[in-house]
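Architecture at a glance
Each chain, letter by letter, is given below.
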Amino acid sequence: MNFEPSEEQARICRAVREFGGSLNSDMPARDAGAVFDRDLWRRCAEFGLPGLPVPPEYGGSGESLLTTLLALEALGYACRDNGLVFSLNAQMWAFELPLVRFGTEEQKQRCLPRICRGEWIGAHAITEPESGSDVMSMSTRAVRDGDHYVLDGAKTFVTNGPAADVVLAFATVNRELRAAGITAFLVERDTPGMTLSRPIPKMGLRTSPMGEVSFQGCRIPATQRVGAEGAGALVFNSAMEWERACIFASHLGAMQRVLEQTISYAKTRRQFGLPISRHPAVADRIVDMRVAIEAGRLLLYKAGATRDAGRNAVLEAAMAKLYCSEVMGRVVDEAVQIHGGYGLMKEYNVERFFRDYKLLTIGEGTSEVQRIVISRKIGCYDD
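Residues numbered from 1 in each chain as written. Predicted model: local features only at pLDDT ≥ 70, side-chain atom pairs only at ≥ 80, totals over all residues. Heavy atoms only, no water.

As a further point, take the overall build of the protein chain. Within the protein chain one finds 12 helices and 10 strands. By the compact-globule yardstick of 21 Å for 383 residues, the protein chain fits well, its C-alpha radius of gyration being 21 Å. Seen along its three principal axes, the alpha-carbon backbone of the protein chain occupies a region of about 80 × 50 × 40 Å. The buried share of the protein chain, reckoned over its 383 residues, is 56%. The contacts in the protein chain between residues at least 6 apart in sequence include a share of 76% that link residues at least 24 apart. Of the roughly 17,000 Å² of accessible surface on the protein chain, a fraction of 53% belongs to carbon and sulfur atoms. Counting 45 positive and 47 negative side-chain charges, the protein chain places the centres of these two groups 3 Å from one another. (Helix = DSSP H or I, 4+ residues; strand = E, 2+ residues; numbered from the N terminus. Rg over C-alpha atoms; globule rule 2.2 N^0.38 Å. Buried < 20%, exposed > 50% of the residue type's maximum accessible area, 1.4 Å probe, protein only. Contact = heavy atoms within 4.5 Å. Areas by Shrake-Rupley, 256 points an atom, 1.4 Å probe, with all protein chains shown as cover. Lys, Arg positive; Asp, Glu negative; His and termini not counted. Charge placed at Lys NZ, Arg CZ, Asp CG, Glu CD.)

All right, on to the pairing of strand β5 (residues 182-188) then. In the case of a regular strand, side chains alternate between the two sheet surfaces. In terms of residue burial, β5 counts as a mostly covered element, since seven of its seven residues are buried. The alternating pattern of β5 places I182, A184, L186 and E188 and T183, F185 and V187 on opposite faces, both of which are buried. As judged from the seven bridges shared by strand β4 (residues 166-172) and β5, these two strands associate in the antiparallel manner. Paired with A171 across the strands is T183, a residue of β5. The pairing of β5 with strand β8 (residues 225-226) spans two bridges and is antiparallel. Counted as the bridge partner of A184 is V226 from β8. (Pairing = 2+ DSSP bridges.)

Before going further, it helps to spend a moment on the environment of Y323. Within the secondary structure layout, Y323 lies in helix α10 (residues 314-339). In this structure the C-alpha to C-alpha distance between Y323 and S367, which are 44 residues apart in sequence, comes to 8.8 Å.

End to end, α10 covers 37 Å across 26 residues, agreeing with the expected 38 Å (1.5 Å per residue, within 8%). Positive backbone phi, at 60°, marks G340, one or two positions downstream of α10. (Expected span 1.5 Å × (residues − 1).)

Applying the stated criterion to the full structure yields zero disulfides. Free cysteine: C116, not disulfide-bonded; nearest cysteine sulfur from C111 at 11 Å. Residue classification places C116 among the buried residues on the basis of a relative accessible area of 6%. (Disulfide = S-S within 2.5 Å.)

Moving on to the confidence of the model for the protein chain. Overall, the prediction assigns the protein chain a mean pLDDT of 91, with 97% of residues at 70 or greater. Ranking the helices and strands of the protein chain by mean pLDDT puts β8 first, with 98, and helix α7 (residues 232-246) last, with 81. (pLDDT = per-residue confidence, 0-100.)

So, on to the nonpolar core. By size, the foremost hydrophobic cluster in this structure holds 88 residues, and its most contacted members are L75, W93, F170 and M255. Excluding residues that lie within four positions of it along the chain, L75 makes contacts with V16, G20, L23, L49, V85 and L88. Listed in part, the 19 residues of the second largest apolar core include A142, Y149, L151 and A169. (Core = buried A, V, L, I, M, F, W, Y, C linked by side-chain atoms within 4.5 Å.)

This part is about the side chain of R30. In this fold, R30 is placed in helix α2 (residues 27-33). Judged by relative accessible area, which is 6%, R30 ranks as buried. Beyond its immediate stretch of four places on either side in the chain, R30 contacts L23, N24, S25, V35, D37, L40, D81 and T207.

Let's shift gears to unusual backbone geometry. Leaving glycine out, the prevailing phi sign among residues is negative, and the prevailing peptide bond configuration is trans. The phi dihedral of R178 is positive, around 50°, even though this residue is not glycine. By secondary structure assignment, the location of R178 is in the loop between β4 and β5. Phi is positive for L205, close to 45°, though the residue is something other than glycine. By secondary structure assignment, the location of L205 is in the loop between β6 (194-196) and β7 (210-221).

All right, on to the pairing of strand β1 (residues 122-125) then. Side chains G122 and H124 project from β1 onto one buried face, and the interleaved A123 and A125 project onto a second face that is buried too. In the sheet, β1 pairs with β4 via four bridges, with the strands oriented parallel. Bridge pairing in β4 links G122 to V166.

As enumerated under the stated definition, the model contains 17 salt bridges in all. Note that D31 and R355 form a salt bridge whose closest N and O atoms lie 2.9 Å from each other. With a gap of 324 residues between them, D31 in helix α2 and R355 in helix α11 (residues 350-356) connect regions that are remote in the sequence. Overall, D31 belongs to the buried group, its relative accessible area being 7%. (Salt bridge = Lys/Arg side-chain N within 4 Å of Asp/Glu carboxyl O.)

As a further point, take helix α9 (residues 280-308). Between its terminal C-alpha atoms α9 stretches 42 Å, which fits the 42 Å expected from 29 residues at 1.5 Å a residue. G310 lies just past α9 and shows a positive phi near 80°.

Structure (structure tokens):
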């Protein structure tokens, strides 16, 4: 098995690293003010990032999943705006690819070129105030009315919601059917009856706007339904497989940068007459950080290679998500510990990573949900 990127993949990664480094101006101020910079978003689109996995006929470049993951790892390494990178990933995996797979030709031609050009921002809205991990118990309703549907309900924790131009929203046509009643819809920003909230203030990933989406008598044509009526669970599960398998590429790139910063600090910080990097208690922590990042990378790229081969990657994606999310949290914690008091100071940036990365064990399915998925896939349950 060859673990080295091809010459073309290496070229793409070099270009992405160079571009990503140009996105870091005023980062501390944007983080402090929770500012989502739409100009930077457009620059990312002009460079081609949102379109990496999208077929060329819809405005993308049609790269393989593995090539896309390598490019996003390079972006995470070079770009310090973790929120911007997170928002890009959320759109790519939870909006773009489900639309590529399940959307009609008309839906894809209308939305995807605009998304790839950065003219539109896409959001995925499924979580509700009373249904988090149990998403299939949602109460948002979709009532058929001739050749239209009328949506009523509310969504929360919608990444990109406040800035979205189009939302992939989920509602039930019959709550008693649970998963079999869930249906997906495309709802554009100016649709009467849909309201997008202001960004919700949050601890980390502050430059990624997260908000609420509400529907009150929101009437949309049936042509904006994505997939068949009752197929929303399939659309959602496909999105989660993509997102769980792919979103951690950028996080691993960022963790590699945190590791390198930590090593550099440990080699210059002296205590008891030696650089702290030469004290076994510190060196061992750094070694564990390096091993964790490499193990996460192998799990992630196995999931990517599995999907590229056309095989189901639900198990591989869940394992990658579970391991990477939990281990990356420990990597950041170790980085703060090694920096000591300076690790709590904003000028060293690791405190921001500490805030940003708590979300990893919650978003895209909590660690507890991933363990349920894995246990089912490896035969712990008869069903």
